[in-house]
Amino acid sequence: MPQQPVNDVMLILERDGTVCLAERQGTGYADGQLNLPSGKLKKGEDVYNAVIREAREETGLVIERDALQIVHVMHFRHREEEPRIGWFFAARYWHGEPQNMEPHKCAGLSWHPVDQLPATTVPYNALGIGHYRKGEPFSVHGW
């Protein structure tokens, strides 16, 4: 039976030429690296509801569905990991100021120039941000 991809949602919060990234810690995956606020779909959830939920859980932000735009979709596979479909959303606006709501999984949130991401950015996320910046709606990596 073919392996079904994991569906991930990633949230791009841009402000004044910077993007908000979270430093992973204590998760066992990419700890010490930076990633977008993100997560996996739960059963019965659509990608919009998933990114709205993840934004609230990880950053405390309230984001309305009509504030979101899907800016890139990526079919991704890294080495022997499960294949993934990454849904990258940009938020046109949000309510509140991003805060680290999951200190057990995140060492902190920080803003970085969107055109000069730190070398420690998770490659999957950096690729998606790069495609978004170029206006490319879809990509395939690692196959």
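Everything below is about the structure shown above.
As the structure is a prediction and not an experimental result, all values here were calculated from the model. (Residues numbered from 1 in each chain as written. Predicted model: local features only at pLDDT ≥ 70, side-chain atom pairs only at ≥ 80, totals over all residues. Heavy atoms only, no water.)

For the rest of this paragraph, the subject is unusual backbone geometry. Phi angles above zero are rare outside glycine, and aspartate 16 is one such case at about 50°. Structurally, aspartate 16 is set in the loop between strand E2 (14-15) and strand E3 (18-24). Of note, the phi angle at alanine 30 is positive, near 55°, even though the residue is not glycine. Mapping alanine 30 onto the fold places it in the loop between E3 and strand E4 (34-35). Note on alanine 30: relative accessible area 18%, which makes it buried. (Helix = DSSP H or I, 4+ residues; strand = E, 2+ residues; numbered from the N terminus. Buried < 20%, exposed > 50% of the residue type's maximum accessible area, 1.4 Å probe, protein only.)

Among the eight residues that make up strand E7 (residues 84-91), seven are buried, leaving the element largely enclosed by the rest of the structure. Alignment of strand E1 (residues 6-12) against E7, held across seven bridges, turns out to be parallel. Among the inter-strand pairings, aspartate 8 is bridged to a residue of E7, identified as glycine 86. The pairing of strand E6 (residues 68-76) with E7 spans eight bridges and is antiparallel. Considered in E7, the bridge of leucine 68 is made with alanine 91. (Pairing = 2+ DSSP bridges.)

The description of an aromatic ring pair rests on the distance of the ring centres and on the angle between the ring planes. Using the criterion set out here, one finds three aromatic pairs in the structure. Judged by centre distance (4.5 Å) and plane angle (15°), the rings of phenylalanine 76 and tyrosine 124 are stacked. Note that phenylalanine 76 is positioned in strand E6 and tyrosine 124 in helix H2 (residues 123-134), a separation of 48 residues in sequence. Take phenylalanine 76: its relative accessible area is 7%, and that puts it in the buried class. Take tyrosine 124: its relative accessible area is 6%, and that puts it in the buried class. When the ring of phenylalanine 88 is compared with that of tyrosine 124, the centres are 6.1 Å apart and the planes differ by 85°; the resulting orientation is edge-to-face. With phenylalanine 88 in strand E7 and tyrosine 124 in helix H2, the pair connects residues that are 36 residues apart, well separated along the chain. With relative accessibility at 0%, the residue phenylalanine 88 sits in the buried group. A cation over an aromatic ring shows up here: arginine 15 above the ring of tryptophan 111, its NZ or CZ 3.9 Å from the ring centre. (Phe/Tyr/Trp six-rings, centres within 6.5 Å; stacked < 30°, edge-to-face > 60°. Lys NZ or Arg CZ within 6 Å of the ring centre and 35° of its normal.)

On their own, these measurements won't tell you what the molecule is for.
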